[in-house]
Amino acid sequence: MSTRSVAEIEAWLLTHLRERLGPDAEDIDAHLPFSYYGLDSLDAIALAAELEEWLGVAVTPDVAWDYPTAHAVAAYLGPAPSPEVEPGAADTTLAALLAELEASD
Amino acid sequence: MKRILLVNPLPSLSLYSWPDVADITGRPGYIMNIALPTLAAMAPPEVEVTIVDEAVEALDFGGHWDLVGITGYLTQMRRMCDIADEFKRRGQLVAIGGPYASLSPHVVRPHADILFRGEAEHTWPAFLADFSSGHWQTEYTSHETVDLHSSPVPDIGKLRPGAYELGVVQTSRGCPFECEFCDVIVYLGRRQRHKTPPRVVDELEQLYQAGYRSVFLSDDNFTANRRRAAEIMTAVGDWNRSKPRPVALYTQLSIDVTRDRDLPLLDLCAEAGLRQAFVGIETPNAEAPREVHKRQNLRSDLVEDVHRIQRRGIMVQAGMITGFDSDTLDSFAVQYEFLQAAGVPMVLLAMLNALDGTPLQRRLAEEGRLKGLLLSDAALDTNIIPKQMTSQQLVKGTVWLLNRLYQPRPFLERLSVFADQLPRRSQAVASDETDLAFWARVATSYAALGSELRDVPVEAARLFRARDTHGLRTALVFYRSAVGVLRRWGLWDPRLGARPAPDFRSVA
């Protein structure tokens, strides 16, 4: 797991994609698939190698297949976010759900 | 004693792989793969077979096996090759077979010591005989289709008990239609071969005894042969009605089963326990079925067709495709409006791809419209150069459609249309402990998705008052999975999903 934040990794990826695509490229959207930018398999493997060097952690050559957007790659390689489950949310949902199902009967 | 390890590799993440639902179903895997239990059933007593399905358990590369056999579809291709390479690196003998190896042998060959092509009922026993003599070939090809009477009952005892939500009974192989993009007919042929009704019932009973209460009748097109389908469903219905708790059945149908003259067959399916049907609707674009020779989809009112299925208590799960030659930039929004009107909660969307061996691939090669290998799942990439839009427009339109379909409000709207089609229940159905446990798991799983999605099950349940909730349950399990896929792909974008149509202004 990298010590870089998800935002840092995403920014690095967007910068490198922009460099690959040239100065005339439109703004890169981290939520659009790499296929949208015409990235082929060789590009993806090269990008993974450069990312591994920058991050200092292992990045599999096929990372872009499993995580097909810059945001997905960054979320995968960055620190896991702490869960934001509201305390008691599941109980509240279950109570409302059972009330609906009972009303249904 | 020879020891053989058979492996079902983990598929790539996709809407078809049902990730993130184990906390709702309480089972690690969603659907059973019966290819490997079928091979296991063919092994003689002096061969010990172990099955590992990566969807439900970790694969241990240690230990010694006399043979490691690997199966898989296109979605398992990368993992299949990785597993083969690792076992070979460790000095193990590796065989690869199954649909992908049969259709794309040139990809698999470098990774396998032994390659199996075609259906295995003849080649696997021939190999096992060679194997025991110590002299085997490097390739086994089945040159003829298999009579399913010669296929043994799958040895599901080799699978991890209780690991799957859905058991599987294969009812036939092959499909008489000739859809240009379909690789099933390349692999299994156009002559549909059926198991007998008693044999189907025997396999259902085996699953019932093993605890399964939901079963997928695996068939490339269950109703293609109306007479056979009626015979099977008559026997299955008699069997199912004899059970204290009937099994919920799922299968694949083509949309033309909703013709007036076929409605008695649809009624028979519903009475036998069919609760869900995957239908390759593909597109509401009326020109596309002609283009790809999917003549069974040449229908005048697809929305009414879907409702005819739903009115019988059968939920429709739609396979949809973007990127037909006749598709334009308007097609994405048209497809969305169709799915909303039809009330199809579960939509499996992919771009048209030209798969190995298909007539579509040959045609597009002649037209010079193929591009390199797939980079990612078919939902997000294609090897086809589109005809009436750019590749970028096709990707952007498809990403918009995925987001639009799976935002909570549109999903609930589709559920509402579906619920309205269902017959009203005449009497109350008491919840038992199994039901309560299921709904508790649904509540916990959705609460973990955050406030944006937490109340989806509650709002959905409200739509099903006095209606059967079987479809609702499956739809909620699937929706949890679909949200997980879009988020893990990094595509989940509520602002994009709120747009009434894709924005192509910045796209070349």
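These figures come from a predicted structure and were not determined experimentally.

Assigned secondary structure in chain B consists of 20 helices and 15 strands. Computed over the C-alpha atoms, the radius of gyration of chain B is 23 Å, within 12% of the 23 Å expected from 2.2 N^0.38 for a compact globule of 508 residues. Overall, the C-alpha framework of chain B stretches about 65 × 60 × 45 Å when taken along its three principal axes. Here chain B holds 508 residues, and the buried ones make up 52% of them. The long-range share in chain B, meaning contacts at least 24 apart out of those at least 6 apart in sequence, stands at 79%.

In this section: helix α16 (residues 408-421) of chain B. Residues and elements named next belong to chain B. Here α16 is 14 residues long and its end C-alpha atoms lie 20 Å apart, about the 20 Å a rise of 1.5 Å per residue gives. Taken residue by residue, α16 has F411, R414, L415, V417, F418, A419 and Q421 as its buried positions. The elements touched by buried residues of α16 are α12 (302-310), β14 (315-322), α13 (331-342), α15 (391-406), α18 (456-463) and α19 (470-488).

Contacts between the two partners involve 37 residues from chain A and, on the opposite side, 39 residues from chain B. Looking at the side of chain A that touches chain B, its residues break down into 23 nonpolar, 7 polar and 7 charged.

Another aspect to go through is the pairing of strand β12 (residues 248-253) of chain B. Two faces belong to every sheet, and in a regular strand the side chains alternate between them. Residues and elements named next belong to chain B. Burial runs high along β12: 6 of the 6 residues are buried. With burial as the criterion, each face of β12 is covered, one bearing A248, Y250 and Q252 and the other bearing L249, T251 and L253. Alignment of strand β11 (residues 214-218) against β12, held across 4 bridges, turns out to be parallel. Considered in β12, the bridge of L217 is made with T251. As a crossover connection, the stretch from β11 through helix α9 (residues 226-241) into β12 is right-handed. As judged from the 5 bridges shared by β12 and strand β13 (residues 274-282), these two strands associate in the parallel manner. In the strand pairing of β13, Q252 is matched with F278.

All names here are of chain B. Pairing in this open sheet of 6 strands is parallel, and the strands run β3-β1-β4-β5-β6-β7 from one edge to the other. Sheet topology places β3 (47-53) and β7 (139-141) at the edges, where each strand pairs with a single neighbour. Neighbour-to-neighbour, the strand axes of the sheet open up by a mean angle of 20 degrees, direction not taken into account. Bridge count between strand β4 (residues 67-70) and strand β5 (residues 94-96): 3 bridges; the pairing is parallel. Its bridge partner lying in β5, V68 is registered against V94. Here helix α6 (residues 120-133) sits on the sheet in contact with β1 (2-8), β3, β4, β6 (114-117) and β7, set at roughly 150 degrees to β7.

Our focus in this paragraph is the domain arrangement of chain B. Residues and elements named next belong to chain B. Domain parsing of chain B yields domain 1 (2-141) and domain 2 (171-417). Domain 1 and domain 2 are separated by 27 Å when their C-alpha centres are compared. Counting from both sides, the interface comprises 9 residues of domain 1 and, opposite them, 10 residues of domain 2. Of the residues forming the side of domain 1 that touches domain 2, the biggest block, 3 residues, is contributed by helix α4 (residues 99-103). Among the residues forming the side of domain 1 that touches domain 2, the class breakdown is 5 nonpolar, 4 polar and no charged.

Residues and elements named next belong to chain B. Orientation of α12 relative to α13, taken along the N-to-C sense of each, is 35 degrees, at an axis distance of 9 Å. The handedness of the crossing between α12 and α13 is right-handed. Here α12 contributes L302, V303 and V306 to the contact with α13, which in turn contributes F338, A341 and A342. Residue composition of the contact of α12 with α13, by class: 6 nonpolar, no polar and no charged.

Analysis parameters
Residues numbered from 1 in each chain as written. Chains lettered and ligands numbered in written order. Predicted model: local features only at pLDDT ≥ 70, side-chain atom pairs only at ≥ 80, totals over all residues. Helix = DSSP H or I, 4+ residues; strand = E, 2+ residues; numbered from the N terminus. Rg over C-alpha atoms; globule rule 2.2 N^0.38 Å. Buried ≥ 20, exposed ≤ 12 C-beta atoms within 10 Å, placed from the backbone. Contact = placed C-beta atoms within 7 Å. Expected span 1.5 Å × (residues − 1). Nonpolar A, V, L, I, M, F, W, Y, C, P; charged D, E, K, R; others polar. Pairing = 2+ DSSP bridges. Right-handed = clockwise from strand over helix to strand, strands pointing away. Axes fitted to C-alpha atoms, helices over the stretch in contact; angles between N-to-C directions. Domains from an automatic or database assignment. Left-handed = near helix turned anticlockwise from the far one by under 90°.

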